[in-house]
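What the coordinates show
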Amino acid sequence: MDTIFAQATAVGRAGVSVVRVSGPKAHDVCKQLVGSLPVPRTTALRMVKDNSGDFIDQALVIPFEGPNSFTGEDVVELHLHGSIAIMRRVLSVLGSFKDVRLAEPGEFTRRALENGRLDLVQVEGLADLIEAETEAQRKQALRVLSGELGNRVEVWRKALIRAAALLEATIDFADEDVPVDVSDEVRDLLQNVGDALEREIIGTEAAERIRTGFEVAIVGAPNVGKSTLLNRLAGRDAAITSSIAGTTRDVIEVRMDLGGLPVTFLDTAGIRESDDVIETLGVERALYRAAEADLRVFLLDENDIPPLPPKEVDIILTAKGDISGASFPAVSGVTGAGIDELLTMLQDRLSELAAGAGLATHTRHAVAMRGAKTGLSAALNLLDAGPDRYDLAAAELRIGIYALEVMVGRIDAENLLDEIFASFCLGK
């Protein structure tokens with residue numbers, strides 16, 4: 001296997017830049033640059049020189065011995081001054097060695113997966129952690145990266161393997177005088193795993209919303225103040241405002257951090273009938289996005305009715321509170337009246353939606369768990385049909401076990417890897 005290297009910090013001028021080297025030649029190659037390596041997992045200051053012995057920079061050098069490293073291989077990190085010229089020179093020197101090459105995006109993490117340092121779910125957690133913008137996203141990604149979900153999947157997998165083994169043992173000794181009834185133990189194992197899978201599947205939707213962000217649509221008639229409200233929430237002029245009705249034609253999106261939760265506010269076209277083809281398309285798009293949103297904020301003039309049936313989580317506001325002088329739920333994007341109360345209500349409602357989040361954060365996790373649950377549900381039905389169907393029940397359990405193994409990347413994960421690692425940078 002080639003030894004790989006890459007800049008592990010952002011490209012550009014910085015106080016410190018880190019180069020990571022991993023693979024069978026990592027220690028030998030870096031010795032040629034810095035003279036000698038400190039004891040693994042300790043740090044020492046070394047002079048970095050090129051192949052001709054010319055001084056490049058001083059660096060803190062940290063070696064790791066496989067398998068006790070991020071990739072599971074021998075690794076060396078060089079913490080250099082963050083000069084573009086220094087980084088360019090060091091990378092050039094590393095690339096001059098035989099069987100040493102620049103890493104591909106995500107290749108360090110891919111080797112960690114291949115060497116058993118991470119499972120596939122943890123890899124996704126690491127990608128989510130890198131992309132995290134809010135506190136809720138950070139905490140959720142760390143839970144996945146910690147291996148908590150993978151450990152839970154392993155418990156389910158072992159329980160299903162135990163159940164399948166009991167059924168297969170009964171089949172193997174069917175002609176022997178060993179009257180052992182395993183159905184009660186198998187049923188308990190399957191029901192416990194099935195209940196746990198169902199709870200985790202239910203929590204996937206909320207967890208994925210935390211990962212990708214909630215959508216809140218501001219809905220109402222033309223010229224009711226939706227764009228002004230959006231601008232007030234965003235703290236900037238994100239949308240054009242005008243006294244002319246129908247100014248907003250398309251959906252305007254503003255992403256915000258609301259109490260640690262990622263939220264995208266949608267300013268939609270005013271809902272009304274119109275002969276204007278473009279405005280009609282805007283209204284259709286507004287109705288569609290509002291229907292798909294996690295929460296709708298209806299901004300209405302007095303005595304207006306919502307253009308869509310409100311859901312329990314939705315918020316109904318009275319517009320132009322600066323003119324009426326009414327208290328919340330009357331609001332004003334012009335003066336800010338009622339905005340603090342609105343933000344508090346939004347945060348509370350979205351926190352309720354997020355409260356049911358489980359460990360599984362991606363749609364593919366839910367698909368795998370549903371596949372496992374389908375297998376064990378079929379096995380339960382066959383178990384009730386008696387010992388003559390135990391062979392079929394065991395086969396269904398193997399399908400469920402396979403689904404869980406695919407989920408954590410034990411088998412048949414190759415088709416997922418390129419897509420997952422495409423989001424990683426070179427140094428990860």
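The structure we're discussing is the one just above.
A short tour of the structure in this document, coming up.

Rules used in this analysis
Residues numbered from 1 in each chain as written. Predicted model: local features only at pLDDT ≥ 70, side-chain atom pairs only at ≥ 80, totals over all residues. Heavy atoms only, no water. Helix = DSSP H or I, 4+ residues; strand = E, 2+ residues; numbered from the N terminus. Contact = heavy atoms within 4.5 Å. Areas by Shrake-Rupley, 256 points an atom, 1.4 Å probe, with all protein chains shown as cover. Buried < 20%, exposed > 50% of the residue type's maximum accessible area, 1.4 Å probe, protein only. Pairing = 2+ DSSP bridges. Axes fitted to C-alpha atoms, helices over the stretch in contact; angles between N-to-C directions. Salt bridge = Lys/Arg side-chain N within 4 Å of Asp/Glu carboxyl O. Arc of directions from axis to C-beta. Parallel < 35°, antiparallel > 145°, perpendicular 65-115°, else oblique. Left-handed = near helix turned anticlockwise from the far one by under 90°. Nonpolar A, V, L, I, M, F, W, Y, C, P; charged D, E, K, R; others polar. Core = buried A, V, L, I, M, F, W, Y, C linked by side-chain atoms within 4.5 Å. Polar contact = N/O pair within 3.5 Å; in protein donor to acceptor, adjacent residues only side chain to side chain.

Take the overall build of the protein next. Broken down by element type, the protein carries 14 helices and eleven strands. Contacts in the protein between residues far apart in sequence, at least 24 positions, make up 62% of those at least 6 positions apart. In the structure as shown, the protein presents an accessible area of about 21,000 Å², 50% of it carried by carbon and sulfur atoms.

Quick look at unusual backbone geometry now. Following Gly 66, the chain continues into Pro 67 via a peptide bond in cis, with omega recorded as 5°. Examined against the element boundaries, Pro 67 turns out to sit in the loop between strand S4 (55-64) and strand S5 (75-81). At the junction of Phe 328 and Pro 329, the peptide bond is cis and its omega measures out at 20° in the coordinates. Of note, Pro 329 is situated in the loop between helix H10 (321-324) and helix H11 (339-354). Of note, Asp 99 is a non-glycine position whose phi angle comes to about 65°, a positive value. Tracing the chain through its elements places Asp 99 in the loop between helix H2 (84-94) and strand S6 (100-102). Owing to a relative accessible area of 42%, Asp 99 belongs among the partly exposed residues under this scheme. Look at Lys 320: it is not a glycine, yet its phi comes out positive at around 60°. Note on placement: Lys 320 falls in the loop between strand S11 (315-318) and H10.

Sheet architecture is open: five strands sit in the order S8-S9-S7-S10-S11, paired in mixed fashion. Pairing within the sheet leaves two strands with one partner each, and these edge strands are strand S8 (252-258) and S11. On average, each strand axis in the sheet is inclined to that of its neighbour by 20°, with strand direction left out of account. Where strand S7 (residues 214-219) meets strand S10 (residues 295-300), four bridges bridge the pair, whose relative direction is parallel.

Under the criterion given, the structure shown has 26 salt bridges. In this structure, the salt-bridge partner of Glu 154 is Arg 157, at a minimum N-O distance of 3.0 Å. Here Arg 157 and Glu 154 lie together in helix H6 (residues 148-172), a separation of three residues that amounts to about one turn. Residue Glu 154 shares its accessibility class with Arg 157, and that shared class is buried. One connected set of salt bridges, linked through shared partners, spans Asp 2, Glu 73, Arg 101, Glu 107 and Arg 111.

Let us look at helix H1 (residues 26-34). Within an α-helix, residues lying three or four positions from one another point in the same direction, as the helix has 3.6 residues per turn. Looking only at H1, the buried set comprises Ala 26, His 27, Val 29, Cys 30, Leu 33 and Val 34. Looking straight down H1, one finds that the buried residues subtend no more than 165° of arc, so they occupy a single side.

All right, on to the packing of helix H4 (residues 120-131) against helix H5 (residues 135-145) then. If you want to describe how two helices pack, look at the angle between their axes and the distance between the axes. Where H4 meets H5, the axes come as close as 7 Å, and the angle between the chain directions of the two elements is 155°. By the angle between their axes, H4 is roughly antiparallel relative to H5. Read as a crossing pair, H4 and H5 show a hand that is left-handed. Where H4 abuts H5, its residues Val 121, Gln 122, Gly 125, Leu 126, Asp 128 and Leu 129 lie against Arg 138, Ala 141, Leu 142, Val 144 and Leu 145. Grouping the constituent residues of the contact of H4 with H5 by class yields seven nonpolar, two polar and two charged.

Once that is clear, we can look at the nonpolar core. Counting residues in hydrophobic clusters, the biggest one holds 38 residues, and the most contacted among them are Trp 156, Leu 160, Leu 167, Val 186, Leu 190, Leu 197 and Leu 397. In terms of nonpolar packing, the next biggest core, distinct from the first, is built from 28 residues, Ala 136, Leu 229, Ala 319 and Ile 339 among them.

In this section: the pairing of strand S1 (residues 3-7). With respect to burial, S1 is a largely interior element, five of its five residues being buried. Taking every second residue as pointing to the same face, both faces of S1 are buried, with Thr 3, Phe 5 and Gln 7 on one and Ile 4 and Ala 6 on the other. Bridge count between S1 and strand S2 (residues 16-22): four bridges; the pairing is antiparallel. Bridge pairing in S2 places Ile 4 opposite Ser 22.

Two strands pair when backbone bridges link them, and S8 and strand S9 (residues 261-267) are joined in this way by seven bridges, in the antiparallel orientation. Along S9, the bridge assignment pairs Met 256 with Val 263. The turn linking S8 back onto S9 is made up of two residues, and Gly 259 within it adopts a positive phi angle of 60°.

Moving on, we come to the environment of Arg 111. Structurally, Arg 111 can be placed in helix H3 (residues 107-114). According to the relative accessible area criterion, Arg 111 is buried, its value standing at 4%. If we skip the residues at most four places from it in the chain, Arg 111 touches Met 1, Asp 2, Ile 4, Ser 22, Gly 23, Thr 71, Glu 73 and Arg 101. A polar atom in the side chain of Arg 111 sits 2.9 Å from the backbone oxygen of Asp 2.

In this section: the side chain of Glu 124. In this fold, Glu 124 is placed in helix H4. A relative accessible area of 5% means that Glu 124 is categorised as buried. A polar contact of 2.7 Å, which involves the side chain of Glu 124, links it to the side chain of Arg 364. Within the local environment of Glu 124, its side chain forms a polar contact with the side chain of His 365, the two groups lying 2.6 Å apart.

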